[in-house]
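A structural walkthrough
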Amino acid sequence: MANGFSKIKELLKDPKITEIMINGPGAVFLEVEGIKSKLDLKFNEEELKDIIDEVFTKTGKKISYYLPYGDACLEDGSRVNVIIPPLVRQGIVITIRKFSQEIKSLDDLMNLGALSQRMAKLLIACIKGRLSIIFSGASGTGKTTTLEMLTHYLPEDERVITIEDTAELKIKSENSVSLETRTADEQEKGEINLQDLIKNSLRMRPDRLIVGEVRGPEALDMIQAMSTGHKGTLAVVHGSSPKEIASRLETLILSSGIELPIEEIRKMIANNVDIIVHHERFSDGSRRITHISEVRGMEQHEVAIQDLFVFKPKGRTEDGKIKGKFVSVMKMYPKFFADFQKLGFLEEKIFSEF
């Protein structure tokens with residue numbers, strides 16, 4: 001009897017492993033503390049099929065010749081991606097992004113050096129103050145983890161709706177609903193995409209919308225939701241810098257087919273997105289929030305962005321770890337700062353270097 005999933009379970013127990021990459025039957029790679037290496041372990045085809053059956057059957061999803069790739073989540077929150085021939089030549093390829101069991105709070109992220117205490121206080125204030133926040137960065141930089149840790153500070157009386165392709169987020173609030181997209185069946189029927197779910201979520205009396213990853217025309221629906229009273233929306237967008245995120249949102253909105261002048265689309269972004277929290281993964285495997293930036297509106301027909309905090313690298317330690325410092329670099333106080341002080345969200349001067 002195939003026991004491929006039993007082998008996977010053993011790897012999942014190791015807290016140091018952050019990614020499991022099975023490149024067909026003959027090659028398995030692990031990422032441990034950000035560093036990739038080959039593992040002396042092999043799977044045969046039956047074992048790989050066993051993993052697919054175990055993971056996808058339990059989630060009600062299917063991988064087949066007509067549906068040759070997909071994502072699912074394990075009980076611990078780890079995300080499993082599968083792609084099968086003929087789309088891949090090596091055979092069945094399985095990639096598992098592990099959900100860290102060690103990161104349970106913002107304090108844990110601070111202890112890992114992902115952000116400073118002042119940055120954490122600012123982000124908590126932004127959550128309480130209902131600012132709309134984009135969490136950006138490349139794959140595996142910690143965007144979703146930061147977002148999830150910040151949801152711990154959502155007011156208890158808020159109704160939270162999460163919208164994802166694969167339900168990864170774990171929201172502690174009892175008044176929360178997790179929505180997940182559905183792929184089309186083998187007859188190309190029944191697809192439910194992020195746009196559909198965002199539109200339906202607005203009929204579910206949400207106080208807070210959380211979109212797991214925005215990568216298509218659903219960007220327009222999200223921005224429109226923000227503009228019709230759903231402030232405090234949280235979303236993940238892939239990108240290489242805060243400024244690039246503004247441009248990417250612009251492109252994604254255009255992909256919806258909306259016929260608006262480009263300046264009007266930029267105004268939509270500038271008027272509704274408040275904060276961009278950008279993440280990077282460094283060559284030593286460490287993950288950090290490298291920018292917390294404020295969207296200040298429009299300047300000279302462009303979306304104006306001001307960095308509030310940035311991470312400045314300062315060489316390496318003897319064991320090769322990157323050193324650095326989180327510093328305040330803004331030229332003026334953020335627009336929301338005075339209101340936040342009056343509301344008591346920022347009780348001390350966190351921009352002490354300004």
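Data block above holds the structure.
Reference entry: report on the structure contained in this document.

**Here's the deal with the overall build of the protein chain**
- Looking only at helices and strands, the protein chain features ten helices and 15 strands.
- Relative to a compact globule of 354 residues, whose C-alpha radius of gyration would be 20 Å, the protein chain shows 21 Å and is just as compact.
- In terms of overall dimensions, the protein chain has C-alpha extents of about 65 × 55 × 40 Å along its principal axes.
- Per-residue burial for the protein chain yields a buried fraction of 49% across its 354 residues.
- Taking contacts inside the protein chain between residues at least 6 apart in sequence as the whole, the part at least 24 apart equals 54%.
- Of the roughly 17,800 Å² of accessible surface on the protein chain, 48% is carried by carbon and sulfur atoms.
- Averaging the coordinates of the 50 positive side-chain charges in the protein chain and doing the same for the 54 negative ones gives two points 4 Å apart.

**A short note on the packing of helix H6 (residues 194–201) against helix H7 (residues 218–227)**
- The interhelical angle for the contact between H6 and H7, taken along N-to-C directions, is 15 degrees, at an axis separation of 8 Å. Judged on the interaxial angle alone, H7 and H6 are roughly parallel. The way H6 lies across H7 gives a crossing that is left-handed. Listed contacts from H7 to Leu194, Gln195, Ile198 and Lys199 of H6 are Glu218, Asp221 and Met222.
- Grouping the constituent residues of the contact of H6 with H7 by class yields three nonpolar, one polar and three charged.

**A word on the sheet that holds strand S12 (residues 275–281)**
- In spatial order, the strands read S9-S8-S10-S11-S7-S12-S13-S14-S15; together these nine strands make up an open sheet with mixed pairing. The sheet terminates laterally at strand S9 (176–180) and strand S15 (322–328), the two strands that pair on one side only. Within this sheet the neighbouring strands show an average axis-to-axis angle of 25 degrees, counted without direction.
- Judged from the six bridges that link them, strand S14 (residues 302–316) and S15 form a sheet pairing that is antiparallel. Following the sheet pairing, Val310 is matched in S15 by Val327.
- The sheet contacts of helix H4 (residues 117–128) involve strand S7 (133–137), strand S10 (208–211), strand S11 (234–238), S12, strand S13 (287–299), S14 and S15, and relative to S13 the element is tilted by about 50 degrees.

Criteria and thresholds
Counting from 1, residues in each chain are numbered in the order their sequence is written. The predicted nature of this model means local features are confined to residues of pLDDT at least 70 and side-chain atom pairs, given and counted, to a pLDDT of 80 or more, with totals for whole chains, interfaces and linings taken over all residues. Derived side-chain values reflect all non-hydrogen atoms in the structure, with water molecules and hydrogen atoms excluded from consideration. The way it works is that DSSP assigns letters per residue, a run of H or I at least four long becomes a helix, a run of E at least two long becomes a strand, and they are numbered from the N terminus. Values of the radius of gyration come from C-alpha atoms, whereas the globule rule sets the reference at 2.2 Å times the count of residues to the power 0.38. Partly exposed describes any residue whose relative accessible area lies between the buried limit of under 20% and the exposed limit of over 50%, with all areas from a 1.4 Å probe on protein chains only and scaled to the type maximum. Contact between two residues is taken to exist if any of their heavy atoms lie within 4.5 Å; hydrogens are not considered. Using the Shrake-Rupley algorithm and a 1.4 Å probe, accessible areas are obtained, with residue cover drawn only from the displayed protein chains. Only four residue types enter the charge count: Lys and Arg as positive, Asp and Glu as negative, with His and the chain ends excluded. All charge positions are set by atom: Lys at NZ, Arg at CZ, Asp at CG, Glu at CD. Axis definition: a line fitted to C-alpha atoms, limited for helices to the stretch in contact. Angles are taken between N-to-C directions and run from 0 to 180 degrees. Here the word oblique covers every angle except those under 35 degrees (roughly parallel), over 145 (roughly antiparallel) and from 65 to 115 (roughly perpendicular). By convention the crossing between two helices is left-handed if the near helix lies anticlockwise of the far one by an angle smaller than a right angle, and right-handed if it lies clockwise. Gly falls in the polar group here, along with every residue not listed as nonpolar (Ala, Val, Leu, Ile, Met, Phe, Trp, Tyr, Cys, Pro) or charged (Asp, Glu, Lys, Arg). Two strands qualify as a pair provided that DSSP identifies no fewer than 2 bridges between them.

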